[in-house]
Amino acid sequence: MKFLKLFLVLFIVQTQAQQGGMWIPSLLQGMNENEMKALGSKLTAEQIYSINKSSLKDAVPQFDGGCTAEMISSKGLLLTNHHCGYDNIQNHSTVEHDYLANGFWAYKMEEELPNPGVVVTFIVKIDDVTPKVFEGLAGLTSEAEKQKKIQENIAALNKSYVREAWQDVLVRSFYDGNQYLLFVTENFKDIRLVGAPPSSIGKFGSDTDNWVWPRHTGDFSLFRVYADKNNRPVAYSKDNVPYTPKHFFPVSAKGIQENDFTMVMGYPGKNY
């Protein structure tokens, strides 16, 4: 199983105000939420992150342990970068069917291609467990003893934290070990390739265009997340059905306007 090495954050930028920042969705209440609204956001913190209702976090999974993805339909359709799906497109390519060079499109669900080993991870809940991780440290003097106790506490949390049988728990440190957050996740393992443009479009400009703006590339690929009949994670099976996400992003063709509020939600870097 691939572990969730990245953390879900918001990156806010508004060109005129020159303000914003990088924030953890579960900690938006208060100052962050007020700043976002001052910059033009019409969303509440609850609409971005909620454990009781569907929210934006439910539409932003992590693709295969390293990329941000977006759910864009009620039938499990997932959008991610072309370079994130590149290995899977390559694995399905042959001399007769070079999907990297020519692209691939499944016009029926039966034509979608399975990808063994690929995992899509949804964050169910983020919990600040710093006090529990730091329990028993007060009487310890050496750094080695403290780190050992911290790892023991994390192991205990991984074992005892209440979650559903199909869910996983992961604890990660923040701010140089001064804060610890626990993530409850669901890892879906039946992920099928739906479509990808030719590399001349999807990889145009290569890494230079990936990191430099403005972009000139159609850097996208499409996959579908499958689940069992109870909408839960399960290994690949022909009996699986498209996953119904708690939330998905409708695709808009209206375009953008000058000074529109901009918010990017995803997994921008590793956090150990």
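For the structure, check the block above.
Quick caveat, the model's predicted, so the values are computed rather than measured.

Draft legend 1. The overall build of the protein chain, seen in detail. Along the backbone of the protein chain there are 8 helices and 15 strands. Across the 272 residues in the protein chain, those meeting the buried criterion constitute 44%. Carbon and sulfur atoms form 53% of the exposed surface of the protein chain, whose accessible area is close to 15,200 Å².

Draft legend 2. A look at the nonpolar core. Ranked by size, the top nonpolar core spans 24 residues in total, and within it Phe63, Leu78, Ile191 and Val225 carry the most contacts. If you list the elements that add at least two residues to this core, you get α3 (82-92), α4 (99-102), β9 (120-128), β12 (190-196) and β13 (221-227). Leaving out residues up to four positions away in the same chain, isoleucine 191 has contacts with Phe63, Leu113, Pro114, Asn115, Val118, Val120, Phe223, Arg224 and Val225. Counting residues in each nonpolar core, the second largest holds 16 residues, with Ala45, Ile48, Tyr49 and Leu56 among its members.

Draft legend 3. Structural context of the state of the cysteines. Within this structure, the stated rule accounts for 1 disulfide. Between the sulfur atoms of cysteine 67 and its disulfide partner cysteine 84 the distance amounts to 2.0 Å. Disulfide cysteine 67 to cysteine 84: torsion about the S-S bond roughly -85°, handedness left-handed. Of the two residues, cysteine 67 sits in strand β4 (residues 67-68) while cysteine 84 sits in helix α3, which places them 17 residues apart along the sequence. On the basis of relative accessible area, cysteine 67 is assigned to the buried category, the value being 15%. Of the residues examined, cysteine 84 reaches a relative accessible area of 10% and is grouped as buried.

Cut-offs used in this document
- Residues numbered from 1 in each chain as written.
- Predicted model: local features only at pLDDT ≥ 70, side-chain atom pairs only at ≥ 80, totals over all residues.
- Heavy atoms only, no water.
- Helix = DSSP H or I, 4+ residues; strand = E, 2+ residues; numbered from the N terminus.
- Buried < 20%, exposed > 50% of the residue type's maximum accessible area, 1.4 Å probe, protein only.
- Areas by Shrake-Rupley, 256 points an atom, 1.4 Å probe, with all protein chains shown as cover.
- Core = buried A, V, L, I, M, F, W, Y, C linked by side-chain atoms within 4.5 Å.
- Contact = heavy atoms within 4.5 Å.
- Disulfide = S-S within 2.5 Å.

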